[in-house]
Protein chains: 2
Amino acid sequence: MRIVLIAAQSLDGFITKHAEPGTAFTSPEDKAYFRAALASFDAGIFGGETYRVSRDFIRDRLPALRIRIVMTRSPGRYAAETMPGALEFTSAAPAVVAATLQARGIQRCALLGGSHVHSLFFEAGLVDEVWLTIEPVLFGGGTPLLARRADLRLELQTSEKLGAHALLLKYRVPR
Amino acid sequence: MRIVLIAAQSLDGFITKHAEPGTAFTSPEDKAYFRAALASFDAGIFGGETYRVSRDFIRDRLPALRIRIVMTRSPGRYAAETMPGALEFTSAAPAVVAATLQARGIQRCALLGGSHVHSLFFEAGLVDEVWLTIEPVLFGGGTPLLARRADLRLELQTSEKLGAHALLLKYRVPR
């Protein structure tokens, strides 16, 4: 199973504008690419905060994703929202989550934020690729791409323009 | 006079690796590009900390720069290092520094860090272009590109590879 981190950020590395949750700052071209890209994945992993901010989007507008996993310290809080086999909540470690998805036949899994989930999966050595949209904005503050210090070297695979001023950069994470 | 911010950063937006000063993380291709690029500038502006970290480089290895300006709250501390007309220390505001350089015939000025100087010049509306090298690394912490919050929209001009995995992105700052 391949795990691909997909995110959009400001040029200076923030996945939110200041304290505003969500990705209202991204371009229409990024939003269109993001929906199209997700069609090639059969599972998605989200953090609890990302789920709370984008709940309707995650529940209703990601039809390609057979299984959506929300990583949370309190899965019991979400018992009423659980849809077994389609939307599940877990406090398991990333390696357990990945192994479980693989055992269920998932081949391509998108890692869809936020920064804590990004750091958790990098720290477990489970990220295969990073697909990062760079919007042409500077925020000087906000939620960083990673929640904790890291020292990772990637390999640039492709770079393409999304619309007039955004860039989509795809990196491989060497093992 | 055009003012161009030139910097190298990690993919997640840090101009230093964690608390390590300097840019040891940048690729040989970026270092070669940086030296070649500076040949087209006739002045450079640095913050006091950047000067202290890169003192020998700034004093001796930037022959193209006719005038080097160090922005510091304590210019008197550097009286013994001042070379009038070549290396000067000032606590003046960015607008005053820019007007003075322009009056002395400077046409192209490079803004060379750190994050406080970047923010000062953006806040004064004095940055015309941003030339940013994106190294294929994730640090999850370090000195950010800007010291303070901002809300700036840029226009992508060009994107090119530097070596196998770094990218040089050039943006215009609309006025």
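Refer to the preceding data block for the structure.
Residues numbered from 1 in each chain as written. Chains lettered and ligands numbered in written order. Predicted model: local features only at pLDDT ≥ 70, side-chain atom pairs only at ≥ 80, totals over all residues. Heavy atoms only, no water.

A. Seen up close, the overall build of chain A. Across its full length, chain A carries five helices and 10 strands. Rg of the C-alpha trace for chain A: 15 Å, near the compact-globule value of 16 Å for 175 residues, within the 12% margin. Seen along its three principal axes, the alpha-carbon backbone of chain A occupies a region of about 40 × 35 × 30 Å. Per-residue burial over chain A gives 54% buried out of 175 residues. Within chain A, contacts between residues separated by at least 24 positions form 69% of all contacts whose residues are at least 6 apart in sequence. Of the roughly 7,500 Å² of accessible surface on chain A, a fraction of 53% belongs to carbon and sulfur atoms. Computed over 21 positive and 17 negative side-chain charges, the separation of the two mean positions in chain A equals 3 Å. (Helix = DSSP H or I, 4+ residues; strand = E, 2+ residues; numbered from the N terminus. Rg over C-alpha atoms; globule rule 2.2 N^0.38 Å. Buried < 20%, exposed > 50% of the residue type's maximum accessible area, 1.4 Å probe, protein only. Contact = heavy atoms within 4.5 Å. Areas by Shrake-Rupley, 256 points an atom, 1.4 Å probe, with all protein chains shown as cover. Lys, Arg positive; Asp, Glu negative; His and termini not counted. Charge placed at Lys NZ, Arg CZ, Asp CG, Glu CD.)

B. Structural context of the relation of the copies chain B and chain A. It takes a turn of 180 degrees to lay chain B on chain A, together with a shift of 0.0 Å along the axis; the resulting RMSD is 0.0 Å. When the rotation and shift are considered jointly, the pair of chain copies conforms to a two-fold rotation axis. Closest approach to the rotation axis among the C-alpha atoms of chain B is made by B:Gly13, whose C-alpha sits 2.2 Å away. A symmetric contact is evident, with 100% of the interface residues of chain B recurring at the interface of chain A. (Least-squares fit on C-alpha atoms with pLDDT ≥ 70 in both.)

C. Spatial organisation of the nonpolar core. Membership of the largest hydrophobic core comes to 70 residues, with the highest contact counts inside it found for A:Ile45 and B:Ile45. If we skip the residues at most four places from it in the chain, A:Ile45 touches A:Ile69, A:Met71, A:Val97, A:Leu101, A:Cys109, A:Ala110, A:Leu111, A:Leu112, A:Gly113, A:Val117 and A:Phe121. Counting 22 residues, the second largest nonpolar core, distinct from the first, contains B:Phe46, B:Ala110, B:Leu112 and B:Ala166. (Core = buried A, V, L, I, M, F, W, Y, C linked by side-chain atoms within 4.5 Å.)

D. Spatial organisation of the sheet that holds strand β6 (residues 129-135) of chain B. Residues and elements named next belong to chain B. The eight strands are arranged β4-β3-β2-β5-β1-β6-β10-β9 in an open sheet whose pairing can be described as mixed. Lying at the two open borders of the sheet, with one neighbouring strand each, are β4 (87-90) and β9 (155-162). Neighbouring strand axes in the sheet, compared pairwise and without regard to direction, differ in orientation by 20 degrees on average. Taken together, the seven bridges between β9 and strand β10 (residues 166-172) define a ladder with antiparallel strand orientation. In the sheet register, Lys-161 faces β10, and the bridge partner there is Leu-167. (Pairing = 2+ DSSP bridges. Axes fitted to C-alpha atoms, helices over the stretch in contact; angles between N-to-C directions.)

E. The side chain of A:Ser27, seen in detail. All names here are of chain A. Within the secondary structure, Ser-27 is located in the loop between β1 (2-10) and α1 (28-38). Residue Ser-27 is classed as buried on the basis of its relative accessible area, which comes to 12%. Sequence-distant contacts of Ser-27, defined by excluding residues within four places in its chain, comprise Glu-135 and Ala-166.

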